[in-house]
Every structure is written in C-alpha cells, then in structure tokens.
Amino acid sequence: MPTIIIKSLTIAACFIFILTPSVFAEETVHVYSSRIDQLIKPVFDAFTVKTGIKVKYTTAKEAELIERLKAEGKFTQADVLITVDAGNLWLAQNEGLLQPVSSKLLDHNVPFSLKEKQNHWFGLSIRARTIVYHNKRVKPSELSSYEALGEAKWKGRLCLRTSKKVYNKSLVAMMIESLGEPKTEKVIRSWIDNQPEIYSNDTSLLKAIVAGKCDVGIVNTYYLGRILKEDPDFPVSLFWANQDSSGVHVNISGAGVIKFAKRKENALKLIEFLSGTEAQNLFSDDNLEYPANPNIPPSPLLVKWWGKNFKKDSTNLSAAGKNQKRAVMLMNRVGYK
Ligand code: FE
C-alpha cells in the first residue's frame, strides 16, 4: 500500500478514535417517569452500558408529569413517558402527548392486550389485582371471582381500597368492557351492600385483614409480595380470581414516546430495551411485578409463592382509559367511596 494512503488511513483512524467518545457522550434520551428512582435507575444504567446512550430522567407523580408535558408542548425535552396503570397512559395519549411508533421487536415482546392498538404506549410489566384472604378464617374453596365477593356471606367481611385510586377505576372500567355496564353496576352494588371497610392503600388493607377488620379484599399482588419478603408468616394468601371465566384483572406499568420527542430513535431503543430480558428480569425481581414479555419467566420468588400459570384477562387495556369516566360515575352512583 502506498505510504500516502497508509498515512491518510492512520490520520483517519486517529480522528475517529478522538471523535468517537465525544460523539457517544452526546447520545442521550430524556425520560419523565412516575416510577421511582430506585426502580428505574438500575434498568437505565443497564441500558447505558449496552448502548452508550445516557438516560436523563425526572421523576414525579403522573398527574404532575402530564401537566408539565401539556405546558411544555413542543418545547419539551422529554422523549419518553413511563408511568403505571393503563388509565394514566391512556390519559396522556388522550391529551395528545404521545406519538404512535412502529417496532417489530415491541410487536414481538409485548402482547396485544398490554399495548395501545395504534402503538401509542406499551406495557412493560404486569400488575395483577386479585383477591386476598385470611389464611385461618377463609378457605380458598369459598372464593371464585370478583363478582362473588358480593355474595351475602361476605357481609361485614370485605375490605376495599378507595374508589378514588386509579387501580380500582381501571378494574371497574375493564369490568364494564367485559360484562357491560348494567352487570358491572350490579356487581359493584353487591360489594357495597356488603358494607366494606374502605382503605386508602393496599398495604393498610392487608394489615386490616390481619387485624380482623375483614377477611377478604382486593389488592395488587406486589403489595402482598413486599410484606411476605419481610415476613414469610404473614397470615394472608392470594387467590387468583376468575380463573373459570375472564381471568384475573391485570394492569401494567408502561411507556410511550412523547409526541414532540427530540430523540425519537433513542426513545424507541430505550422502550425496546425495557421489553427485553435484562430489564424484564429487573422489574420482576426488584418490584415483584410480572414480566409483560411472555417469553420471560417471573422472578423465582413469585413462582414459589403463587406459581406462574394463572389465567390473565386478555381484554385490551385501552378500555381501562376509554371506560374510566363511566367507571367513576358508576362507583359514585352505588356509593362506593
Ligand atoms: Fe402500587
């Protein structure tokens, strides 16, 4: 090879060598997340190690993030919104804050029921909301479905979380989708006829069962998981609801690309990464949620406690947002506080 070419190649190589780190250092993606630092940071760090793309993020309550995105409009620096509950993701979409994206990998990793039909958002982890009961005072054979919690035998024995929480709005919204509104109203009215104690959060509800305030309730499974991790003898068990019918109600944590994202490609790369093995395992191990990606087994602890083959409601979760207003009005109508 002529000397001049070798020299040029050497200079070019040096140039690339000098340039490369700074080019990578400028690759970023900005996230607004309602999921807490402790949960998302390990996943973001793993993404940076794999891709060289740095993740800058802001955490706040979902309502605050949505207001902020509305105010910032096209000047926003955010590329990705991460939040819990399909109801919240649907709200962000409805406010015009998200854009549809297409990704073969996400189509493969995220089941249809866990994403928005036009790909405005994707489920990243599954949060099952099911029945819990006191080990000594209730036999699992007495339980079957959400609907059956309205039976007279549960009068004065039922605890519910407040209807103000989005988890319950979404549960009822999904019931409206599968049962229709009149039948759903009958079910929720039968719960209220049983004079349930109402709690502000799932953890206090679980403790109320132990304290004898009630015998059964409905919670997100990871709250029971967190307690069991600390206290394996906690005398409350989980029952997978509606296994002979619709399947247990599942919701998600999920993500969407911001409409005015400045780094759309990186945003998509991040969401794709979050749907893959490494991130899915972190979600399941750290927060005791179920992987959204059906090819990835849940954390061994979850399998030990509750097995891995439970029937999940496969109705598309967009209905949690679409029917949310009707759900709220219905709960008000029947006096569910
Ligand atoms: Fe929660």
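This is a predicted model, so every value here is computed, not measured. (Residues numbered from 1 in each chain as written. Predicted model: local features only at pLDDT ≥ 70, side-chain atom pairs only at ≥ 80, totals over all residues. Heavy atoms only, no water.)

Visitor: Mind showing me how you'd approach the overall build of the protein here?
Guide: Within the protein one finds 14 helices and eleven strands. With 337 residues in all, the protein has 53% of them scored as buried. Sequence-distant contacts in the protein: of pairs separated by 6 or more residues, those separated by 24 or more amount to 77%. Of the accessible surface of the protein, which amounts to about 15,800 Å², a share of 57% is contributed by carbon and sulfur atoms. Across the protein, the 46 positively charged side chains and the 34 negatively charged ones have centroids separated by 2 Å. (Helix = DSSP H or I, 4+ residues; strand = E, 2+ residues; numbered from the N terminus. Buried < 20%, exposed > 50% of the residue type's maximum accessible area, 1.4 Å probe, protein only. Contact = heavy atoms within 4.5 Å. Areas by Shrake-Rupley, 256 points an atom, 1.4 Å probe, with all protein chains shown as cover. Lys, Arg positive; Asp, Glu negative; His and termini not counted. Charge placed at Lys NZ, Arg CZ, Asp CG, Glu CD.)

Visitor: I tried to follow the domain arrangement of the protein on my own but got confused; where do I start?
Guide: How big an interface is tends to be reported as the loss of accessible area on association of its parts. Each domain of the protein was delimited in the assignment, giving domain 1 (21–126 + 251–297) and domain 2 (128–249 + 317–334). Domain 1 and domain 2 are separated by 28 Å when their C-alpha centres are compared. The contact between domain 1 and domain 2 buries some 1,400 Å² in all, and 58% of this surface belongs to carbon and sulfur atoms. On the domain 1 side of the interface with domain 2, the three residues burying the most area are W90, N251 and L288, jointly 36% of the side's total. Inspection of the domain 1/domain 2 interface yields zero salt bridges. Along the contact surface separating domain 1 from domain 2 lie three residue pairs in polar contact (both at pLDDT 80 or more). For the side of domain 1 that touches domain 2, the elements supplying multiple residues, two or more each, are α4 (86–94), β10 (249–258) and α11 (277–287). With four residues, the single largest contributor to the side of domain 1 that touches domain 2 is α4. Partitioning the side of domain 1 that touches domain 2 into residue classes produces eight nonpolar, five polar and six charged. (Domains from an automatic or database assignment. Buried area = accessible area lost by both parts, 1.4 Å probe. Salt bridge = Lys/Arg side-chain N within 4 Å of Asp/Glu carboxyl O. Polar contact = N/O pair within 3.5 Å; in protein donor to acceptor, adjacent residues only side chain to side chain. Nonpolar A, V, L, I, M, F, W, Y, C, P; charged D, E, K, R; others polar.)

Visitor: Sorry, what's going on with the side chain of S275 here?
Guide: Tracing the sequence through the fold places S275 in the loop between α10 (264–274) and α11. Judged by relative accessible area, which is 2%, S275 ranks as buried. At 2.7 Å, the side chain of S275 and the backbone oxygen of E272 are in polar contact. When sequence neighbours within four positions are dropped, the list of residues in contact with S275 reads L106, N109, V110, L124, Q280, N293 and I296.

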